[in-house]
Amino acid sequence: MFILYIALIILIPLWAQMRVKGAFNKYSKVPSSSRKPGAEVAREILQANGIYDVRIEEGRGFLSDHYDPRAKAIRLSPEIYHGHSLAATAVAAHEVGHAIQDQQDYAFLRFRHALVPVANIGSNFAWVLIMIGLLAQMSGMLLVGIAFMAAAVLFQIVTLPVEFNASSRAMDQVVSLGIIRNEEERNTKRVLDAAALTYVAAAAVAVLELLRLILIFTGMNRSD
């Protein structure tokens, strides 16, 4: 069972990453009918939604695209910023989806932002406390570590509706603004769905690990 568990937590993220890279590589070779680079797609959607205080910047790194709510900036990787493929259109629109969420005070986005400090602490200290609790057989220390880890897991779970909603907004925008044609909708959605799998995989692995630790804690208490 332990070997199966290890295989799952390794294979699930790898499978998700392969799906993302596969979809991006495939549809980055398919030009969009509008031939607009990702930066222009992002700018057009921002302006259509009356958002003029968000910058569009060229970032670094492969698929490092993200929206920074503190800096009010959408940072697109070079492939997305300059690319005019369906993949570039989908990713750029998705990041603008987060900017629209920010403008409209989307509840889950606000909740996720509020969880960031707690999640960071949980990620940094949870395993230290957990290892001490396991090695020293201190169930109380293990429980504190589990509590910290639970905060990080909650952040992962709350991220899911944020990402799915951003993708939904992205599709609505590129369709309503005529950035893609009807026959391009299915392939654009495939890119967005593949990207969402990375968040689903991360949340699934985090939940599995949390449940395993809770079972260990329960067993430790029974043995006491």
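Residues numbered from 1 in each chain as written. Predicted model: local features only at pLDDT ≥ 70, side-chain atom pairs only at ≥ 80, totals over all residues. Heavy atoms only, no water.

Visitor: Outline the layout of surface pockets, listing residues and values.
Guide: Its boundaries defined by the atoms lining it, the largest pocket holds a volume of some 790 Å³. Residue lining of the largest pocket: 29 residues in total, with Asp65, His66, Glu95, Glu163 and Tyr199 positioned closest to the centre. Those elements that place two or more of their residues in the lining of the largest pocket are helix H1 (2-27), strand E2 (66-68), helix H4 (86-103), helix H5 (107-135), helix H6 (139-176) and helix H7 (185-223). A volume near 150 Å³ is recorded for the second largest pocket. Where the lining of the second largest pocket is concerned, the elements lending two or more residues are H5 and H6. Among the residues making up the lining of the second largest pocket, the classes are represented as 8 nonpolar, 3 polar and no charged. (1 Å grid on protein atoms, 1.4 Å probe; cavity = no way out; pocket = protein on both sides within 12 Å on 5 of 7 lines; lining within 4 Å. Points joined across faces, edges and corners; volume = space filled by probe spheres on them. Helix = DSSP H or I, 4+ residues; strand = E, 2+ residues; numbered from the N terminus. Nonpolar A, V, L, I, M, F, W, Y, C, P; charged D, E, K, R; others polar.)

Visitor: I'd love a proper account of H4, names of residues and values included.
Guide: Helix length check: H4 (18 residues) gives 26 Å between terminal C-alpha atoms against 26 Å at 1.5 Å per residue, within 8%. Along H4, 17 of the 18 residues are buried, which leaves the element largely enclosed by surrounding structure. A positive backbone phi angle near 55° is found at aspartate 105, which sits one or two residues after H4. (Expected span 1.5 Å × (residues − 1). Buried < 20%, exposed > 50% of the residue type's maximum accessible area, 1.4 Å probe, protein only.)

Visitor: Describe in detail the pattern of salt bridges, supporting the description with residues and values.
Guide: Inspection of every chain in the model, using the stated rule, returns 11 salt bridges. A salt bridge links aspartate 68 to arginine 75, with the nearest nitrogen and oxygen atoms 3.0 Å apart. The exposure class assigned to aspartate 68 is buried, which follows from its relative accessible area of 14%. Residue aspartate 102 is joined to lysine 72 by a salt bridge in which the shortest nitrogen-to-oxygen separation is 3.0 Å. Of the two residues, aspartate 102 sits in helix H4 while lysine 72 sits in the loop between E2 and strand E3 (73-76), which places them 30 residues apart along the sequence. Given a relative accessible area of 7%, aspartate 102 falls into the buried group. (Salt bridge = Lys/Arg side-chain N within 4 Å of Asp/Glu carboxyl O.)

Visitor: I'd like to hear about the environment of valine 174, residue by residue, with values.
Guide: Tracing the chain through its elements places valine 174 in helix H6. Owing to a relative accessible area of 1%, valine 174 belongs among the buried residues under this scheme. Spatially, the C-alpha atoms of valine 174 and valine 96 are 11 Å apart, while their sequence positions differ by 78 residues. When sequence neighbours within four positions are dropped, the list of residues in contact with valine 174 reads Ile45, Thr89, Ala93, Ile179 and Ile180. (Contact = heavy atoms within 4.5 Å.)

Visitor: With reference to specific residues and values, describe the packing of H5 against H6.
Guide: It is at 6 Å that the axes of H5 and H6 come closest, and there the two elements cross at 150°. Where H5 crosses over H6, the two elements pack in a sense that is left-handed. Classifying every residue of the contact of H5 with H6 gives 27 nonpolar, 5 polar and 2 charged. (Axes fitted to C-alpha atoms, helices over the stretch in contact; angles between N-to-C directions. Left-handed = near helix turned anticlockwise from the far one by under 90°.)

Visitor: Tell me about the side chain of histidine 98, and name the residues and values.
Guide: Looking at the element boundaries, histidine 98 is found in helix H4. Polar contacts involving the side chain of histidine 98 include one to the side chain of glutamine 101, which spans 2.9 Å. Among residues more than four places away in sequence, those in contact with histidine 98 are Tyr67, Leu109, Val162, Glu163 and Ala166. (Polar contact = N/O pair within 3.5 Å; in protein donor to acceptor, adjacent residues only side chain to side chain.)

Visitor: Hey, could you go over the UniProt feature "transmembrane region" (unreviewed entry) in the protein chain for me, with residue numbers and the actual values?
Guide: Per the UniProt record, "transmembrane region" (unreviewed entry) is found at residues 114-135, 142-162 and 196-218. Annotation note: span residues 114-135, helix share 100%, strand share 0%, distance between end C-alpha atoms 33 Å. Secondary structure over residues 142-162 splits into 100% helix and 0% strand, and the C-alpha atoms at its two ends are 31 Å apart. (UniProt positions renumbered as here; feature names shortened; annotations may be inferred.)

Visitor: Mind laying out the side chain of asparagine 165, listing which residues take part and the relevant values?
Guide: For asparagine 165, the position within the fold is in helix H6. In terms of polar contacts, asparagine 165 uses its side chain to reach the side chain of arginine 169, at 2.5 Å. In contact with asparagine 165, not counting residues within four places along its chain, are Gln101 and Tyr106.

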